[in-house]
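# Chains, contacts and geometry: an overview
Chain by chain, the residues:
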Amino acid sequence: MELNDLYRDVILDHNRKPRNFGPLDPADASVEGFNPMCGDRLTVRLKMSGDSIADIRFEGEGCAISTASASLMTEAVKGKSRREALELFDRVHELLTNDDASSDELGKLAALSGVREFPARVKCASLCWHTLASALKAPHPQAVPAVSTE
Ligand code: FES
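Throughout this description, residue numbers start from 1 for each chain and increase along the sequence as written. With pLDDT at 70 or above as the cut-off, local features in this predicted model cover only qualifying residues; side-chain atom pairs require 80 or more to be listed or tallied, and sums for whole chains, interfaces and linings still use all residues. Calculated side-chain values reflect all of the structure's heavy atoms, with hydrogen atoms and water omitted.

## Focus: the overall build of the chain
Going by this rule: Helix and strand labels come from DSSP, where a helix needs a run of H or I of at least four residues and a strand needs a run of E of at least two; each type is numbered from the N terminus. Note on method: radius of gyration uses C-alpha positions; expected globular size equals 2.2 Å times residues raised to 0.38. Whether two residues are in contact is decided by their heavy atoms: any pair within 4.5 Å suffices. Here the open area of atoms and residues is found with the Shrake-Rupley method and a 1.4 Å probe, where only the protein chains shown may cover a residue. Neither His nor the chain ends is counted toward charge; the positive residues are Lys and Arg and the negative residues Asp and Glu. Taken as the charge centre is NZ of Lys, CZ of Arg, CG of Asp or CD of Glu, depending on the residue.
Broken down by element type, the chain carries 4 helices and 4 strands. Reading the helices (α) and strands (β) of the chain from amino to carboxyl end gives α-β-β-β-α-α-α-β. On C-alpha atoms alone, the chain measures out to a radius of gyration of 14 Å, which is about the 15 Å that the 2.2 N^0.38 rule sets for 150 residues. In terms of its C-alpha atoms, the chain occupies a principal-axis envelope of roughly 40 × 30 × 25 Å. Put simply, of all contacts in the chain between residues at least 6 apart along the chain, 59% involve residues at least 24 apart. Surface summary for the chain: the accessible area is close to 7,600 Å², and the carbon and sulfur share equals 48%. In the chain, which carries 18 positive and 23 negative side-chain charges, the distance between the mean positions of the two groups comes to 4 Å.

What follows is the structure, encoded as structure tokens:
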């Protein structure tokens, strides 16, 4: 499948039917992300089991790319350890910003590389990932201030 087709199909599918969308109560971490370019916000909530992400859900109003990226992210990181999820964050960030980045073994996340064609939308796709990363890095995630993609 061509990258453009993959990009379009995956983004449309995950925007129409976002996975893991909705509240998570109780949550061990709840962090709000903010895209200053458009004012859109989304909240990522985590339930941890030891050092692993037992459950993750998101809520918010965003564009198709931010919603699809968050949906893909929740599928990809559920069950992963904190370190594995942060490594994935680094790979996706690379994928969104570097034309030479490899998408090997990224599965459906590879579709996000299509965002490179639209530089103004990179912040849309990375919003949820920055939000997740700050939740995972914070010693007391309930107290994390809203994360900006700037
Ligand atoms: Fe606001 Fe994409 S336009 S997150």
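Moving on from the model shown.
## Some words on the nonpolar core
In plain terms, the rule: Side-chain atoms within 4.5 Å are what join buried Ala, Val, Leu, Ile, Met, Phe, Trp, Tyr and Cys residues into a set we call a nonpolar core. The buried label applies to any residue whose accessible area, calculated with a 1.4 Å probe on protein chains only, is under 20% of its type's maximum; exposed applies above 50%, and partly exposed to all values in between.
In terms of nonpolar packing, the biggest core is built from 44 residues, with Leu46, Val77, Leu109, Leu112 and Trp129 touching the most fellow members. Of all the elements in the fold, those that place two or more residues in this core are helix H1 (3-16), strand S1 (29-34), strand S2 (41-49), strand S3 (52-61), helix H2 (64-77), helix H3 (82-97) and helix H4 (122-137). For this core, the element with the highest residue contribution is H4, accounting for 10 residues. Once residues within four sequence positions are removed from consideration, Leu46 is found in contact with Leu24, Ala27, Asp28, Ala29, Ile53, Asp55, Ile56, Leu132, Ala135 and Leu136.

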